[in-house]
Structures are given as C-alpha cells and as structure tokens.
Amino acid sequence: MTLLSGCSGSADSGTDSESGATITVFAAASLKSTFTELGRLFEAEHPDTRVVFNFGGSSDLFTQIDQGAPADVFASADTANMTKAVRAGLTASDPVNFATNTLTIVTPPGNPSGITSFADLARPGIDLVVCAPQVPCGNATQRIEDITGVRLSPVSEESSVTDVLGKVVTGQADAGLVYVTDAAGAGDKVATVPFPESARIVNTYPIAVLRNSDDPLVAGEFAAFVIGPDGRQVLSAAGFGAP
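Residues numbered from 1 in each chain as written. Predicted model: local features only at pLDDT ≥ 70, side-chain atom pairs only at ≥ 80, totals over all residues. Heavy atoms only, no water.

Engineer: Looking at this model, I keep getting lost on the sheet that holds strand E8 (residues 128-131). Mind explaining?
Structural biologist: The strand order E9-E8-E10-E7-E11 describes an open sheet built from five strands, whose pairing is mixed. Each edge of the open sheet is held by one strand with a lone partner, namely strand E9 (156-158) and strand E11 (191-193). Within the sheet, the average angular offset between the axes of one strand and its neighbour, ignoring direction, is 35°. Bridge count between strand E7 (residues 103-107) and E11: three bridges; the pairing is antiparallel. In the strand pairing of E11, threonine 107 is matched with alanine 191. Against the sheet, helix H4 (residues 136-148) makes contact with E7, E8 and strand E10 (175-179), and its axis sits at roughly 100° relative to E7, the strand it touches most. Sitting on the sheet, helix H5 (residues 161-169) is in contact with E7, E8, E9 and E10, with an inclination near 145° to E10. (Pairing = 2+ DSSP bridges. Helix = DSSP H or I, 4+ residues; strand = E, 2+ residues; numbered from the N terminus. Axes fitted to C-alpha atoms, helices over the stretch in contact; angles between N-to-C directions. Contact = heavy atoms within 4.5 Å.)

Engineer: I keep staring at the pairing of strand E12 (residues 203-209) and nothing clicks. Help me out?
Structural biologist: Looking along a regular strand, one sees the side chains alternate between the two faces of the sheet. For E12, the buried fraction is high: six of the seven residues fall into the buried class. Bridge analysis of strand E5 (residues 73-75) against E12 gives three bridges, and the strand direction is antiparallel. Bridged to valine 73 within E12 is valine 209. Where strand E6 (residues 96-101) meets E12, five bridges bridge the pair, whose relative direction is antiparallel. What sits directly across from valine 96, in E12, is isoleucine 207. (Buried < 20%, exposed > 50% of the residue type's maximum accessible area, 1.4 Å probe, protein only.)

Engineer: Teacher, can you tell me more about the packing of helix H2 (residues 58-66) against helix H3 (residues 79-87) here?
Structural biologist: A pair of packed helices is captured by two measures, namely the crossing angle of their axes and the spacing between those axes. Packing of H2 against H3 brings their axes to within 9 Å, and their N-to-C directions diverge by 10°. As summarised for this structure, H2 and H3 are arranged roughly parallel, according to the angle between their axes. Between H2, through Ser58, Ser59 and Phe62, and H3, the contact on the second element is made entirely by Asn81, Lys84 and Ala85. (Parallel < 35°, antiparallel > 145°, perpendicular 65-115°, else oblique.)

Right under this line is the structure:
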C-alpha cells in the first residue's frame, strides 16, 4: 500500500501531541487532483491537522480497509464498494453522496484512429484499454456495453482509471474509457471523444468516516468539508456533477 501525502502530512495516523491530528483518507484514483487540492484547503483552515491520501481503485481500497489498513475516511467512485464497506461494519457514519461522474473516450492527440463513437471501439485493430470489471469505471463500461449491445475486446484491463489514462497518454493504446474529469485533467495530452450513451450510466461517489478512525472528529470534519461549499466548488470546477 502506498500512502501519498496530498499536503504536508506524513503517513502516520492519529493524534500527535506535537504535530496535532493526522487523518488518512482512502480515495478513488479519479479524485486525486481534487482531493489533493481539498486537502491543502482543509489544512489551511486547520493548521494543526495533516491530511494524508491513499489513492487507488475503489475495489482495491475497500480490500485494504477490510484487511485492516489504517484509514479514517473512505471516498469511493461508486456506491457498490461503499455498500460493501457498510455491510462489513467498517463505517462509523452513514455514507453521503458528494459527486457524480460519467465516462468518455480518450485517444492520443489528433485521434489517429478516427474514433467517433462507442461502437468504433469494437473495430478490428483498435487497441483499447479499459478498467477491470471490479473497478467502478470498469463496471460502468460493462453497463454501457449492455445498453448498446456493443461488445468490446480490450487489450488490457487496468486496476484504476488513472492507469487507463496513462496507457493512452504514453501511446500504448489507441483509445481508452475514462471519466470526463480525468480527460479534462489530461488537457492536450489526449483527444476526447464524447458519446451520448455515457449519460445513461452515471457513477455516484459516496464518502464516509471509518469505524477504526483514530480521530473520528477530524475525519468527520474533513468529510463535511468535501460535502460542503468548498468541496462542491473544487469538484464542480474539475467537471464532477452534483450528487
């Protein structure tokens, strides 16, 4: 497990008499940019608090938490993995939905394969990369396949949406399916091909304080910060929809 500090925090969890509180937030990979920014803003308002992040695929994050990894807050890219956390008795609070996201197609700059639709992803010779089925973006991909009747044959299934994006950015794939927020964050490193069917499959993001948090008060304050005006502003600016 790799813990990434979104701010000035270390990887230690809990309250320290010298440095104040440190909370560890397990968050979906698609939240990396926005949560890193929110962590900095939260620390600015709470000078004695450090926020440390572990970003990854939601299913992997759930597994880590279920196996006892120290964490204070869980933010998933879907309700399914959060529901598993609730049923496993891992949450201390009721999850609250704070954002939504949809998929889009990304290609290398200039869209050299001439992809214009979801159906084009099934064309022979297209090296397509998607998320694995157990990952929220992979589940969304499968649901779009179901409603369109288009069956994809990806050359690779990745454990997080950022890994899919990375394969396209580095030229290892002709196309990938990622969230609109990831495509926007990549800027001119990719070309984006919207497709109308994506609007029918919306991923909802919930957040919850975890039962084994060493500092549930501060963890709850961070969750409330994400749900509140500051969180909504940062998430909206990144392209996330309202819950």
